[in-house]
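Descriptive structure summary
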Amino acid sequence: MLIICDFDGTVSARDTNSHLARHFAPEASAALEGRLAARELSVRQVLQREFEGVTATLDEVLELALTIPLRAGFGEFLDAAHAGGHDVVLLSSGFRQVIEPMLEHGGVGGRVPLIANDIDFTGTAAGADITWRDLPTCPTCNEACKRHEVGEMRHEIRRGGARAHLVVFVGDGFSDRCGADVADRIFARDSLASWLDGQGVAWEAWDDFHDISEALGLTANAGA
Ligand SMILES: [Mg+2]
Ligand SMILES: [Zn+2]
């Protein structure tokens, strides 16, 4: 089994990027309110505009980011998944320089591969400088979304042969739509859950990672 997890608002208990933008770039953040939902701007355009307005240093950003806890049971979930021979990957539309310290702070640093973008908090009036990972534009949503990478990972494990081929996706928000769409089993919450309902796609509810471990039949000493 391959379990692909979003980070912001999924592993972290609230959406880190919105929280940081509201605090450090309140005007840009307020001006962008609703424009993603209305499909006027892409996920990347919104993050670009928000973080251009963030003149704080990385240390200042992390001081706030590290107050956001990880959802309960994530470390145990990783242990149980690995004990069962399953793979877990974090697939984020956010930023490595923020996520890695949060994972470290949450006691799970270096224990799960992370796919994310890069950001340089210059600490100057120029704002933060984002380097996006190279992704094709999705034919379904017209954005550089998660569909391509989930599809590639799915293809990889299917080539692997004997192991179970199930792809599980865990997410919460707008940027998870296309990734969830190509998974076999979806654990959703918040706006992802309501969007899936609208699409008539089945999903499973969860509150923390203990729920996901239980639903997937993962236990710390599993040999499955
Ligand atoms: Mg999210
Ligand atoms: Zn897409």
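In the block above lies the structure referred to throughout.
Notes on the structure in this doc start here. (Residues numbered from 1 in each chain as written. Chains lettered and ligands numbered in written order. Predicted model: local features only at pLDDT ≥ 70, side-chain atom pairs only at ≥ 80, totals over all residues.)

Looking now at the overall build of the protein chain. Across its full length, the protein chain carries 10 helices and seven strands. For a compact globule of 224 residues, the expected C-alpha radius of gyration is about 17 Å, and the protein chain comes in at 17 Å, within 12% of that figure. Sorting the 224 residues of the protein chain into buried and exposed places 39% on the buried side. Summarising the internal contacts of the protein chain: among those between residues at least 6 apart in sequence, 63% fall at separations of at least 24. (Helix = DSSP H or I, 4+ residues; strand = E, 2+ residues; numbered from the N terminus. Rg over C-alpha atoms; globule rule 2.2 N^0.38 Å. Buried ≥ 20, exposed ≤ 12 C-beta atoms within 10 Å, placed from the backbone. Contact = placed C-beta atoms within 7 Å.)

Quick look at helix 7 (residues 147-159) now. Over its 13 residues, helix 7 runs 18 Å from end to end, which matches the ideal 18 Å to within 8%, given 1.5 Å per residue. Taken as a whole, helix 7 has its buried residues at Arg147, Val150 and Met153. Take helix 7 and look down its axis: the buried residues cluster within an arc of 135°, on one side only. Relative to its buried face, helix 7 has exposed residues pointing more than 90 degrees away, namely Glu152, His155, Glu156 and Arg159. As for helix 7, its buried residues are in contact with strand 1 (2-5), strand 2 (87-95), strand 5 (167-171) and helix 8 (177-181). (Expected span 1.5 Å × (residues − 1). Arc of directions from axis to C-beta.)

The element strand 2 is largely enclosed, with a buried count of seven among its nine residues. Across four bridges, strand 1 lies against strand 2 in parallel orientation. Bridging from a neighbouring strand, Ile3 pairs with Val88 of strand 2. For strand 2 and strand 3 (residues 114-120), the ladder comprises three bridges, and the chain directions are parallel. Of the residues in strand 3, the one forming a bridge with Phe95 is Asn117. Crossover handedness for the path strand 2 to helix 6 (residues 96-105) to strand 3: right-handed. (Pairing = 2+ DSSP bridges. Right-handed = clockwise from strand over helix to strand, strands pointing away.)

Burial along strand 1 is two-sided: the face carrying Leu2 and Ile4 and the face carrying Ile3 and Cys5 are both buried. As paired strands, strand 1 and strand 5 are joined by four bridges and run parallel to one another. Looking across to strand 5, one finds that Ile3 is bridged to Val168.

This next bit is on the packing of helix 1 (residues 16-24) against helix 4 (residues 58-65). The relative placement of two packed helices comes down to the angle between their axes together with the axis-to-axis distance. Orientation of helix 1 relative to helix 4, taken along the N-to-C sense of each, is 120°, at an axis distance of 10 Å. For the element pair helix 1 / helix 4, the angle class is oblique. Our pair here, helix 1 against helix 4, has a crossing hand that is right-handed. Contact residues: helix 1 offers Thr16, Leu20, His23 and Phe24, while helix 4 offers Val61, Leu64 and Ala65. In terms of residue class, the contact of helix 1 with helix 4 is made up of five nonpolar, two polar and no charged. (Axes fitted to C-alpha atoms, helices over the stretch in contact; angles between N-to-C directions. Parallel < 35°, antiparallel > 145°, perpendicular 65-115°, else oblique. Left-handed = near helix turned anticlockwise from the far one by under 90°. Nonpolar A, V, L, I, M, F, W, Y, C, P; charged D, E, K, R; others polar.)

Moving on: the packing of helix 4 against helix 6. Where helix 4 contacts helix 6, the two axes come as close as 10 Å, and the packing angle between them is 50°. In terms of orientation, helix 4 lies oblique with respect to helix 6. Helix 4 and helix 6 meet at a crossing whose hand is right-handed. Between helix 4, through Leu58, Val61, Leu62 and Ala65, and helix 6, the contact on the second element is made entirely by Gln97, Val98, Pro101 and Met102.

Grouped together as the largest cluster of nonpolar side chains are 56 residues, with contacts concentrated most on Ile3, Ile4, Cys5, Val54, Phe77, Val168 and Phe169. Among the elements that take part in this core, helix 5 (residues 74-83) stands out by supplying five residues, more than any other. Beyond its immediate stretch of four places on either side in the chain, Val168 contacts Met1, Leu2, Ile3, Ile4, Ala183, Asp184, Arg185 and Leu216. (Core = buried A, V, L, I, M, F, W, Y, C linked by C-beta atoms within 7 Å.)

Buried within helix 5 are the following residues: Phe74, Phe77, Leu78, Ala80 and Ala81. In this structure, the buried side of helix 5 is in contact with strand 1, strand 2 and helix 10 (209-215). Positioned one or two residues after helix 5, Gly85 has a phi angle of 80°, which is positive.

As a further point, take the sheet that holds strand 1. What the seven strands build is an open sheet, ordered 4-3-2-1-5-6-7; its pairing is mixed. Strand pairing shows two members of the sheet lacking a second neighbour, strand 4 (129-131) and strand 7 (204-205), which therefore form its edges.

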